[in-house]
Amino acid sequence: MYLFAFLLVCKIYQIASLKNLKYLTMDLFNQKPKERTFQKFILEDGEIWFMPNFMPLSIAEKYLKKLLETINWKQEQIKMYGKVYDVPRKTAWYGYEGFSYQYSGILCDPDPWTVELLEIKKVIEYFIPTENFNSVLLNHYRDGNDKVGWHADDEAGLGINPTIASVSLGATRRFDLKHKTKLNQKLQLELPTGSLVIMIGALQHHWVHQIPVQRKIHHPRINLTFRTIKN
Ligand SMILES: [Mn+2]
């Protein structure tokens, strides 16, 4: 009897929290989407589309808190010159079953989508209807000491000219891009909370990007990069 009552309370709580989250999506759509447009940077060998106000600040704050608490954050390690180091950020991988990813030569399965991640995915796909992302890589930069070095998202599993959508929540961090061979081709963006960046075209084949160390930043930032893995 008590167990039944307990389960009922859990169920009601679950429904209530789902409703709350649906409200977030509604709210996102109600914020006059037409006023939210992309600034398009048409670069040599690629494009960057930037929407600083993708999410209202109050909603970005809610997602940040929720994702920090509920995501299955992992401390990955890398081997360099025979020594093992912690990756300077926490990471997580979510997506549909069957779309596994390769990390340091190991094949990993994604965690199943959470309600929040599916919501954010849905809203991104409202703005770029050509995409149907099947996975998301999450990065948690605990403070300005966490970073990601120069790299391209050019793993074989992403195919040719992948579209990658990146949502920022929390501390504003700098996002640097540079062309691999045309050394005068550079772009620097400040990514505020609730902003959306889309990387398009041949960008991953010709450019590299990084999130540099910024020691004066003492707050966390989460970054969600939605991708389409081709199996
Ligand atoms: Mn990247």
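Since the structure is predicted, the reported quantities are computational estimates derived from the model, not experimental observations. (Residues numbered from 1 in each chain as written. Predicted model: local features only at pLDDT ≥ 70, side-chain atom pairs only at ≥ 80, totals over all residues.)

Asker: I'd love a proper account of the overall build of the chain, names of residues and values included.
Answerer: A count of helical and extended segments in the chain gives 4 helices and 15 strands. When burial is assessed residue by residue, the chain has 28% of its 231 residues classed as buried. Expressed as a percentage of contacts within the chain between residues at least 6 apart in sequence, the contacts between residues at least 24 apart total 75%. (Helix = DSSP H or I, 4+ residues; strand = E, 2+ residues; numbered from the N terminus. Buried ≥ 20, exposed ≤ 12 C-beta atoms within 10 Å, placed from the backbone. Contact = placed C-beta atoms within 7 Å.)

Asker: Could you give an account of the environment of Ile124, with specific residues and numbers?
Answerer: Relative to the helices and strands, Ile124 is located in helix α3 (residues 115-127). Its 22 C-beta neighbours within 10 Å are what place Ile124 among the buried residues. Sequence separation of Ile124 and Ile198 is 74 residues, and the distance between their C-alpha atoms is 9.6 Å. The residues touching Ile124, leaving out its near neighbours within four places in the chain, are Ala165, Leu196 and Phe226.

Asker: Tell me what's going on with α3, and back it up with residues and numbers.
Answerer: For an α-helix the count is 3.6 residues per turn, leaving residues at separations of three or four pointing the same way. Taking 1.5 Å per residue, 13 residues should reach 18 Å; α3 reaches 19 Å between its end C-alpha atoms and fits that length. Check the buried side of α3 and you find it contacts α2 (57-70), β5 (90-95), β8 (135-141), β10 (164-170), β13 (195-200) and β15 (221-227). (Expected span 1.5 Å × (residues − 1).)

Asker: Outline the nonpolar core, supporting the account with residue identities and numerical values.
Answerer: Counting residues in each nonpolar core, the largest one holds 37 residues, and the members touching the most others are Tyr63, Val136, Leu138, Leu169, Leu196 and Leu224. Dropping the residues within four chain positions of it, Val136 is found in contact with Tyr94, Gly95, Leu117, Leu224, Thr225, Phe226 and Arg227. (Core = buried A, V, L, I, M, F, W, Y, C linked by C-beta atoms within 7 Å.)

Asker: Which residues make up the pairing of strand β12 (residues 186-191), and what are the values?
Answerer: As judged from the 6 bridges shared by strand β11 (residues 173-179) and β12, these two strands associate in the antiparallel manner. Bridge pairing in β12 links Phe175 to Leu189. (Pairing = 2+ DSSP bridges.)

Asker: Describe in detail unusual backbone geometry, supporting the description with residues and values.
Answerer: The residue Asp45 is not glycine, and still its phi comes out positive at about 65°. By secondary structure assignment, the location of Asp45 is in the loop between β1 (39-43) and β2 (46-51). The class for Asp45 is partly exposed, based on 16 C-beta atoms found within 10 Å. Of note, the phi angle at Asn161 is positive, near 50°, even though the residue is not glycine.

Asker: So what about the environment of Ser100? Which residues, and what values?
Answerer: In this fold, Ser100 is placed in the loop between β5 and β6 (101-103). Accessibility expressed as a C-beta count within 10 Å gives 17 for Ser100, which makes it partly exposed. Through-space distance from the C-alpha of Ser100 to that of Asn231 is 8.4 Å; in sequence the pair is 131 residues apart. Setting aside chain neighbours within four positions, we find Ser100 in contact with Leu107, Cys108, Asp109 and Pro110.

Asker: Kindly report on the sheet that holds β13, identifying the contributing residues and their values.
Answerer: Read from one edge of the open sheet, 7 strands run β1-β2-β13-β10-β15-β8-β5, paired in antiparallel fashion. With one partner strand each, in any of the chains shown, β1 and β5 form the two edges of the open sheet. The mean angle between the axes of side-by-side strands here comes to 15°, regardless of whether they run parallel or antiparallel. Of the strand pairs in this sheet, β10 and β15 are connected by 6 bridges, and their pairing is antiparallel. Bridge pairing in β15 links Leu169 to Ile222. In the packing of α2 onto the sheet, contacts are made with β10 and β15, and the angle to β10 comes to roughly 95°. Those strands touched by α3 are β5, β8, β10, β13 and β15, and its axis lies near 65° from that of β15. (Axes fitted to C-alpha atoms, helices over the stretch in contact; angles between N-to-C directions.)

Asker: Tell me about the sheet that holds strand β9 (residues 148-151), and please be specific about residues and values.
Answerer: Overall, antiparallel pairing links the 4 strands, which are arranged β9-β14-β11-β12 in an open sheet. The sheet is open, and its two edges are formed by β9 and β12, each paired on a single side. Direction aside, the axes of adjacent strands within the sheet are offset by 15° on average. Alignment of β11 against strand β14 (residues 207-211), held across 4 bridges, turns out to be antiparallel. Residue Lys178 lies in a different strand from β14, and its bridge partner there is Val208.

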